Amino acid sequence: MRSRNPVFSRRGFSRDNGYAGFNAAPQAGGPAVATQANPYAQGTQGNPYAQPSAGNPYAQNPYAQQDLQYGAPPQAPATTGRMTMDDVVIRTASTLGVLVVTAALAWALLPVDDANISRSYGIGIGAALIGMVLALVQSFKRKPTPALILSYAAFEGVFLGVVSSVVDNRIADGAAMQAVIGTMAVFAGVLIAYKAGWIRVNRRFYGFVMAAALGFVFLMMVNLLFAVFGGGDGLGFRSGALGIVFGIVGIILGACFLALDFKQVEDGLAYGAPREEAWFAAFGLTLTLVWIYLEFLRLIAILNSND
């Protein structure tokens with residue numbers, strides 16, 4: 001399954017460029033599914049891990065029939081090489097930790113006073129471009145590369161540190177902490193709603209979110225082009241009343257992508273994805289959380305600019 005992040009697309013647990021992961025591991029109360037939906041089961045078409053040899057830890061699940069009988073998602077047998085929730089948590093914490101540390105260093109070492117703001121902002125933009133390239137490279141790799149993912153987090157942290165310092169010190173005091181709290185609140189809210197079954201991730205949900213995200217990104221690109229050639233905020237999508245509306249839409253889209261990331265992690269756990277796939281989960285969650293944070297920071301800046 002590919003990442004559903006609107007900026008970058010990475011290869012994920014099913015690695016099939018399609019929708020195989022959706023509805024493959026139903027949430028509580030959902031309908032049972034056939035074992036063929038498991039992208040890690042023996043004989044599944046396109047599964048790079050389904051080996052006929054006896055050494056394949058994903059080939060046999062002795063409890064598959066019981067899982068189907070009681071409507072539970074099929075569980076892969078316990079193996080030492082299988083991804084666990086601890087793996088996801090540890091790798092996500094590592095990636096976010098690198099991002100936070102480099103953001104704090106950039107905040108402290110790159111001043112944004114009148115004499116230094118151009119240099120600091122230039123370094124921040126340069127770091128953002130490097131981070132984007134690293135993220136794109138990782139998104140096209142079939143296997144996660146921890147060094148690449150952590151490097152992306154480091155450069156993205158520099159960008160976030162500079163931007164956060166600019167907004168916090170020159171536009172709205174305390175904006176960075178407000179954006180962090182808002183991002184944490186969205187993460188917790190979506191996680192609770194997803195686990196409670198209030199958000200059901202299926203093909204329709206995926207299609208709606210992707211269509212909305214493509215439209216959102218297209219409008220932002222058009223707005224950026226008008227801003228570059230016409231000056232100001234282009235079509236006004238990032239300032240004033242329209243900016244507030246699009247900021248809220250951006251946060252809602254980020255929340256939807258969090259739900260898609262949670263579904264991807266759930267599928268990987270249910271189907272016994274290799275432990276290295278936890279880095280994909282960390283990468284996707286980091287991308288989405290950065291998206292939400294920046295939308296909060298932009299929204300706070302707009303609200304304070306209108307005061």
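As shown above, the structure is provided for reference.
Residues numbered from 1 in each chain as written. Predicted model: local features only at pLDDT ≥ 70, side-chain atom pairs only at ≥ 80, totals over all residues. Heavy atoms only, no water.

## With respect to the layout of surface pockets
Inference 1: In this structure, the second largest pocket spans a volume of roughly 460 Å³.
Inference 2: Leu-99, Val-100, Leu-160, Val-180 and Tyr-293 are, among the 17 residues lining the second largest pocket, the residues nearest its centre.
Inference 3: Contributing elements (two or more residues each) for the lining of the second largest pocket: α2 (85–109), α4 (146–170), α5 (175–195) and α8 (278–305).
Inference 4: Looking at the lining of the second largest pocket residue by residue, the classes come out as 14 nonpolar, three polar and no charged. (1 Å grid on protein atoms, 1.4 Å probe; cavity = no way out; pocket = protein on both sides within 12 Å on 5 of 7 lines; lining within 4 Å. Points joined across faces, edges and corners; volume = space filled by probe spheres on them. Helix = DSSP H or I, 4+ residues; strand = E, 2+ residues; numbered from the N terminus. Nonpolar A, V, L, I, M, F, W, Y, C, P; charged D, E, K, R; others polar.)

## Here we look at the nonpolar core
Inference 1: Ranked by internal contacts, the top residues of the largest apolar core, which has 51 residues, are Val-186 and Leu-258.
Inference 2: Every element with two or more residues in this core is listed here: α3 (117–139), α4, α5, α6 (203–230), α7 (240–270) and α8.
Inference 3: No other element matches α8, which puts 15 residues into this core.
Inference 4: With near-sequence residues (within four places) excluded, Leu-258 lies in contact with Val-186, Phe-187, Val-190, Leu-285, Thr-288, Leu-289 and Ile-292. (Core = buried A, V, L, I, M, F, W, Y, C linked by side-chain atoms within 4.5 Å. Buried < 20%, exposed > 50% of the residue type's maximum accessible area, 1.4 Å probe, protein only. Contact = heavy atoms within 4.5 Å.)

## Focus on the pattern of salt bridges
Inference 1: The final tally for this structure, using the stated rule, is five salt bridges.
Inference 2: Between Asp-87 and Arg-91 there is a salt bridge; the shortest N-O distance is 3.6 Å. Of this pair, Asp-87 and Arg-91 both sit in helix α2, separated by four residues, roughly a single helical turn. Each member of the pair, Asp-87 together with Arg-91, is buried.
Inference 3: Asp-267 serves as the salt-bridge partner of Lys-263, at 3.4 Å between the closest nitrogen and oxygen. Note that Lys-263 and Asp-267 are positioned in helix α7 at a spacing of four residues, about one turn of the helix. Both residues of the pair, Lys-263 and Asp-267, belong to the buried class. (Salt bridge = Lys/Arg side-chain N within 4 Å of Asp/Glu carboxyl O.)

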